[in-house]
Amino acid sequence: VTYLRAVDWLSDDISVLSYHVDEDSPFLNRQLIDINLRAKLKLFVMRIEREDKTASVNIPVGQETVRLGDLMYIVGRPHCIQKLAQSPYGISDKKLHIQTLKQFKRELDDARTDASMLKCIRIHISHDSPFAHQTVKTSNIRERTGCLVIGLEIGGRVEMNPDLNATFEPNS
């Protein structure tokens with residue numbers, strides 16, 4: 001498991017949006033599964049920070065409801081994040097605080113909050129890996145490890161926000 005290489009690998013292609021939910025937010029009082037940013041824009045909500053810090057959630061599930069005052073950390077390619085400024089979301093560019101993954105990690109490390117426990121790692125899949133030849137979905141990686149797959153490197157090609165039917169191939 002390599003921590004820094006993974007951040008370097010993703011830093012140019014992945015950004016993190018810090019988005020504060022106010023009374024005009026299109027996400028307010030909606031469940032993540034209904035917002036469905038993954039399917040619609042290839043974005044992941046990796047953390048929801050709440051005013052009551054004990055209620056903050058790393059890697060929230062689809063049934064999580066977005067509340068007034070939440071700070072959402074959304075991960076994806078910059079051009080996908082920018083689509084939040086378009087219909088049907090219409091979020092003002094001024095509300096889209098976008099950083100590279102490297103900048104975001106540095107900010108978290110400096111803040112020393114429970115969010116700084118979030119890690120971006122690269123995992124090599126060997127032939128004897130329990131994930132070898134399984135799809136993202138059938139691997140149950142989220143349930144088994146609490147991890148979120150934001151990209152796969154297959155044969156030198158990077159697939160961001162892979163389809164749930166993408167297969168973990170050994171040595172790729």
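Just so you know, these numbers come straight off a predicted model, no measurement behind them.

**A word on the overall build of the protein chain**
For the protein chain, the helix and strand inventory stands at seven helices and seven strands. Moving toward the C terminus, one meets the helices and strands of the protein chain in the order α-β-α-α-β-β-β-α-β-α-α-α-β-β. Counting over 172 residues, the protein chain shows a buried share of 42%. Contacts in the protein chain between residues at least 24 apart in sequence constitute 68% of all its contacts with a sequence separation of at least 6. Counting every atom, the protein chain has about 9600 Å² of accessible surface; 50% of that belongs to carbon and sulfur.

**Examining the layout of surface pockets**
Looking at the second largest pocket, its volume works out to about 670 Å³. For the second largest pocket, the lining is made up of 23 residues, of which R38, F44, G62, R142 and L148 are closest to its centre. Taken together, the elements giving at least two residues each to the lining of the second largest pocket come down to α2 (32-35), α3 (37-41), β2 (44-49), α6 (136-139) and α7 (141-145). Each residue belonging to the lining of the second largest pocket can be placed in one class, and the counts come to 15 nonpolar, four polar and four charged.

**Comments concerning the pattern of salt bridges**
Pairing between side chains becomes possible if they bear opposite charge and their charged atoms approach one another. If you walk through the whole model with that rule in mind, you get four salt bridges. Measuring nitrogen to oxygen at the nearest pair gives 2.6 Å for the salt bridge that ties D22 to K95. Placement of D22 in the loop between β1 (15-20) and α2 and of K95 in the loop between α4 (78-82) and β5 (97-100) is noted, with a sequence separation of 73 residues between them. For K95, a relative accessible area of 33% corresponds to the partly exposed category. For R50, the salt bridge is made with D70, and the minimal N-O distance between the two is 2.8 Å. In this pair, R50 is assigned in the loop between β2 and β3 (57-58) and D70 in the loop between β3 and β4 (71-76), connecting sequence segments 20 residues apart. The exposure class assigned to R50 is buried, which follows from its relative accessible area of 3%. According to the relative accessible area criterion, D70 is buried, its value standing at 1%.

**As for the confidence of the model for the protein chain**
Here the protein chain shows a mean pLDDT of 81. Residues at 70 or above account for 87%. Mean pLDDT across the elements of the protein chain bottoms out in helix α1 (residues 3-11) (45) and peaks in α2 (95). Overall, residues 1-8 carries pLDDT values under 50, and its contacts beyond four positions in sequence, including any with other chains, amount to 15 contacts.

**Thoughts on the pairing of β2**
Along β2, six of the six residues are buried, which leaves the element largely enclosed by surrounding structure. Bridge analysis of β2 against β4 gives five bridges, and the strand direction is antiparallel. Considered in β4, the bridge of V45 is made with I74. Pairing between β2 and β3: two bridges, direction antiparallel. Of the residues in β3, the one forming a bridge with R47 is N58.

**Thoughts on the pairing of strand β7 (residues 157-160)**
In terms of strand pairing, strand β6 (residues 151-154) meets β7 through four bridges, oriented antiparallel. Paired with I154 across the bridge in β7 is R157. If you look at the hairpin formed by β6 and β7, you'll find two residues sitting between the two strands, and G155 has a positive phi there, around 55°.

Definitions and limits used
- Residues numbered from 1 in each chain as written.
- Predicted model: local features only at pLDDT ≥ 70, side-chain atom pairs only at ≥ 80, totals over all residues.
- Heavy atoms only, no water.
- Helix = DSSP H or I, 4+ residues; strand = E, 2+ residues; numbered from the N terminus.
- Buried < 20%, exposed > 50% of the residue type's maximum accessible area, 1.4 Å probe, protein only.
- Contact = heavy atoms within 4.5 Å.
- Areas by Shrake-Rupley, 256 points an atom, 1.4 Å probe, with all protein chains shown as cover.
- 1 Å grid on protein atoms, 1.4 Å probe; cavity = no way out; pocket = protein on both sides within 12 Å on 5 of 7 lines; lining within 4 Å.
- Points joined across faces, edges and corners; volume = space filled by probe spheres on them.
- Nonpolar A, V, L, I, M, F, W, Y, C, P; charged D, E, K, R; others polar.
- Salt bridge = Lys/Arg side-chain N within 4 Å of Asp/Glu carboxyl O.
- pLDDT = per-residue confidence, 0-100.
- Pairing = 2+ DSSP bridges.

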